[in-house]
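Spelled out from the first residue to the last, the chains are:
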Number of protein chains: 2
Amino acid sequence: MDAMGGDLGPRSVVPACSRFLIRFPQAELKLFGPRSQLQTLLIKEPPSVRERLEVIDCAQVITQGCNPVQALRHKRESSMAKALEAVAGGDCGAMVTAGNTGALLALGRSIVGTVEGVRRPALGKSLPTEDGTCFLLDLGANIDCSAEDLVQFARMGLEAQRVFSGKSDLTVALLNIGAEEHKGTEEIRRAGQLLQAAPDINYVGFVEGHDIFTGIVDVVVCNGLMGNVAMKAAEGVIRLIGQKTFTIDKKAPIKRFFGQLAINLLRKWRAQLEPGRYNGASFLGLEGNVIKSHGGASSEAFYRAMLTAKECAESDLAQQLGRAMALQNQRHTGCD
Amino acid sequence: MDAMGGDLGPRSVVPACSRFLIRFPQAELKLFGPRSQLQTLLIKEPPSVRERLEVIDCAQVITQGCNPVQALRHKRESSMAKALEAVAGGDCGAMVTAGNTGALLALGRSIVGTVEGVRRPALGKSLPTEDGTCFLLDLGANIDCSAEDLVQFARMGLEAQRVFSGKSDLTVALLNIGAEEHKGTEEIRRAGQLLQAAPDINYVGFVEGHDIFTGIVDVVVCNGLMGNVAMKAAEGVIRLIGQKTFTIDKKAPIKRFFGQLAINLLRKWRAQLEPGRYNGASFLGLEGNVIKSHGGASSEAFYRAMLTAKECAESDLAQQLGRAMALQNQRHTGCD
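Thresholds, definitions, all that
Residues numbered from 1 in each chain as written. Chains lettered and ligands numbered in written order. Predicted model: local features only at pLDDT ≥ 70, side-chain atom pairs only at ≥ 80, totals over all residues. Heavy atoms only, no water. Helix = DSSP H or I, 4+ residues; strand = E, 2+ residues; numbered from the N terminus. Buried < 20%, exposed > 50% of the residue type's maximum accessible area, 1.4 Å probe, protein only. Contact = heavy atoms within 4.5 Å. Areas by Shrake-Rupley, 256 points an atom, 1.4 Å probe, with all protein chains shown as cover. Core = buried A, V, L, I, M, F, W, Y, C linked by side-chain atoms within 4.5 Å. Domains from an automatic or database assignment. Patch = residues over 30% accessible without salt bridge, like charges linked within 9 Å, V, L, I, M, F, W, Y side chains within 5 Å. Salt bridge = Lys/Arg side-chain N within 4 Å of Asp/Glu carboxyl O. Lys, Arg positive; Asp, Glu negative; His and termini not counted. Charge placed at Lys NZ, Arg CZ, Asp CG, Glu CD. Axes fitted to C-alpha atoms, helices over the stretch in contact; angles between N-to-C directions. Parallel < 35°, antiparallel > 145°, perpendicular 65-115°, else oblique. Left-handed = near helix turned anticlockwise from the far one by under 90°. Nonpolar A, V, L, I, M, F, W, Y, C, P; charged D, E, K, R; others polar. Phe/Tyr/Trp six-rings, centres within 6.5 Å; stacked < 30°, edge-to-face > 60°. Lys NZ or Arg CZ within 6 Å of the ring centre and 35° of its normal. Pairing = 2+ DSSP bridges.

We now examine the overall build of chain A. Along the backbone of chain A there are 12 helices and 10 strands. Here chain A, with 336 residues, has 57% of them falling under the buried criterion. Long-range contacts, defined here as pairs at least 24 residues apart, represent 71% of the contacts in chain A between residues at least 6 apart. With an accessible surface of roughly 13,900 Å², chain A has 50% of that area assigned to carbon and sulfur atoms.

Before going further, it helps to examine the nonpolar core. Burial of nonpolar side chains together is a common tendency in soluble globular proteins. Membership of the largest hydrophobic core comes to 222 residues, with the highest contact counts inside it found for L31 of chain A together with L31 of chain B. Lining this core are residues from two domains, each supplying at least three of them: domain 1 (1-118 + 285-336) and domain 2 (127-277) of chain B. Apart from the residues lying within four places of it in its own chain, the contact partners of L31 of chain B are M1, A3, V13, V14, C17, L38, L42, L53, E54, V55 and I56 of chain B.

Another aspect to go through is a negative patch on the surface. The grouping of D144 and E187 of chain A together with D144 and E187 of chain B at the surface amounts to a negative patch. Mapped onto the elements, D144 of chain A comes out in the loop between β5 (132-137) and α7 (147-165). A relative accessible area of 55% means that D144 of chain A is categorised as exposed.

Quick look at the packing of helix α1 (residues 10-23) of chain A against helix α2 (residues 35-42) of chain A now. Angle between the axes and distance between the axes are the two parameters that describe a pair of packed helices. Residue and element names in this part refer to chain A. For the pair α1 and α2, the least separation of the axes is 10 Å and the interaxial angle reads 55°. Our classification of the angle between α1 and α2 gives oblique. Crossing geometry of α1 relative to α2 is assigned as right-handed. Contact residues: P10, R11 and V14 in α1; Q37, L38, L41 and L42 in α2. Here the contact of α1 with α2 is built from residues that sort into five nonpolar, one polar and one charged.

Glancing now at the pattern of salt bridges. Per the stated rule, a full pass over the model turns up 34 salt bridges over all chains. For R239 of chain A, the salt bridge identified is with E235 of chain A, shortest N-O distance 4.0 Å. Within this pair, R239 of chain A and its partner E235 of chain A are both found in helix α9 (residues 224-251), separated by four residues, close to a single helical turn. Between E235 of chain B and K125 of chain B there is a salt bridge, with its nearest N and O atoms 3.7 Å apart. Of this pair, E235 of chain B sits in helix α9 (residues 224-251) while K125 of chain B sits in strand β4 (residues 122-129), placing them 110 residues apart in sequence. Across this residue pair, the class does not change: E235 of chain B and K125 of chain B are buried. One network of salt bridges, with partners in common, ties together R19, E300 and R304 of chain A.

What follows concerns the packing of aromatic side chains. Under the definition given, this model contains six aromatic pairs over all chains. Ring geometry for F20 of chain B and F24 of chain B: centres 4.9 Å apart, planes at 50°, overall tilted. Like F20 of chain B, the residue F24 of chain B is buried in the burial classification. Judged by centre distance (6.4 Å) and plane angle (70°), the ring pair of F20 of chain B and Y303 of chain B falls under edge-to-face. Here F20 of chain B, found in helix α1 (residues 10-23), pairs with Y303 of chain B, found in helix α11 (residues 299-315); they are 283 residues apart in sequence, far enough to count as distant. Of the residues examined, F20 of chain B reaches a relative accessible area of 6% and is grouped as buried. Given a relative accessible area of 6%, Y303 of chain B falls into the buried group. Pairwise contacts between aromatic rings join F20, F24 and Y303 of chain A into one cluster. The positively charged end of R19 of chain B is found above the aromatic ring belonging to Y303 of chain B, 3.9 Å away from the centroid.

Residue and element names in this part refer to chain A. Here strand β9 (residues 281-284) shows a buried face lined by A281 and F283 and a second buried face lined by S282 and L284. Pairing geometry for strand β4 (residues 122-129) and β9, over three bridges, is antiparallel. Bridging from a neighbouring strand, L123 pairs with F283 of β9. Across two bridges, β9 lies against strand β10 (residues 289-292) in antiparallel orientation. Its bridge partner lying in β10, A281 is registered against K292. What sits between the antiparallel neighbours β9 and β10 is a turn of four residues, in which G285 has the positive phi angle 105°.

Next comes the structure, spelled out in structure tokens:
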């Protein structure tokens, strides 16, 4: 765990770690950050937690303003870099950070390394649908993507969704602005042709933004610009609904009783949708399990990202993905 | 009104027209479509409605599968083309269609014409925020946009939002995947520099997808791919919440009475957000007011698009926008 990322830093990470260790008595955690600062917070935790939580002292911290090049050149002693090294060296099964995404993408590729045959690692995440989840990628790791990149995202997304949903026989679609063949960019259209021609991929065609949430497809693929905007717009609406709830409640005091019931129901539904519940994007295509938590994550949300990391570590998603890509490369080069 | 667009065609358009004419006793409408089909539906409407609704017989209909080139070459006698001609010729103050977007973009440019100085017309729409609206454009008319295109979208969006919100002193932002200067594509970054340098634009920087709904900015500008995905992802979440509502209601029969009251409240909140309420995207940069309704629009939603059209016609948005662009061109060329 990189203790120093996100708006709250160790104030969200330490309570999340504590909750995780109590919930999973076999788990062990390494916590990366300035020792003195972390010890102050850990002193309140029970001994059963402290004895399974090793603090690794890191002097450097990566701030939100740090750009990827600065991170690569000058932040090798940071909590984020050291946590990535722990994954690269096999000491840890997965790492989680709520820190600077640009720095994570650069340091992740550099320290953990990219799976052979993967052109570009991508960020992906499960989002809620009516009766399940849909895995969306890329969420912002890659701005410009070729058709070949999008096809590879499809393969990585299918592998990840297999692990997260426990289902086989998954379908994949490309995000576009319409279902018709002539819609979208050259890259999207060509990726559609390539996916259509791939015998091992169950490709269902183009889908639109709302289809991410209808459950008609298991994996939705797009470039990082579209994926980021889709995910954040969805989060924005959920937050807006939350705010409207409280506003209207206060404005209509006579309806407060029924309003409260409504709000309780709404809270339940929101909890099923809210960004925190689906926190933890997987950085796919690296040779280790790297999870990005929302920068504004609460302790609850960071804990959710840790659960995603646990799933990745237990199933060894990174290794499975590596095997799937190697198999794909063999097929591609004609060897078997 | 193009009677023949969208999934429901005249079955949503005719009742919406009737409601509109009853609500606005001074209004007059022209309804474009095959006369015999429309007459069958109109026969049920009261005389006060029928006498202010002129049916213009059009033999051709543009289907969803028709591509823009086909529309331009072979669909000049369609209900959509004829309704556009009525706007171009000044017979109507605005037109609304729920039909094929690609065909509308092509026919709109060709028949109504583009305002002088406008490089690319764009689709834009008001979306709800906590205490107002945010105008988002482009929603899918333009896939690839240069920095200069985005700057022009900013100007057009400000003009439209001035009319729709009744406010002056509006702010504008660029949609991006982060607030930092180095984020996004070359086009977005350069558009940011151009907007920063424009003395007549109150530019606040980059915003992310969720900021469309927070009310921190009045106009959000992006290319059509990002805008379309943002809007549709948001709509998808709202629909998902709607579906969850009814599922849980049925599952808890003992709470049905209070549940029903709660759901009535929820419906009110949802109604403030649902896509239908914010139906009607304005096709900005044309020499007439052209409104695109959602293709899946119900009669209620089509009526909302008609209200948007009424606002555009009454304020003559297209003409105001034309004047603003002309003024901008004068400034640009040094004349005054």
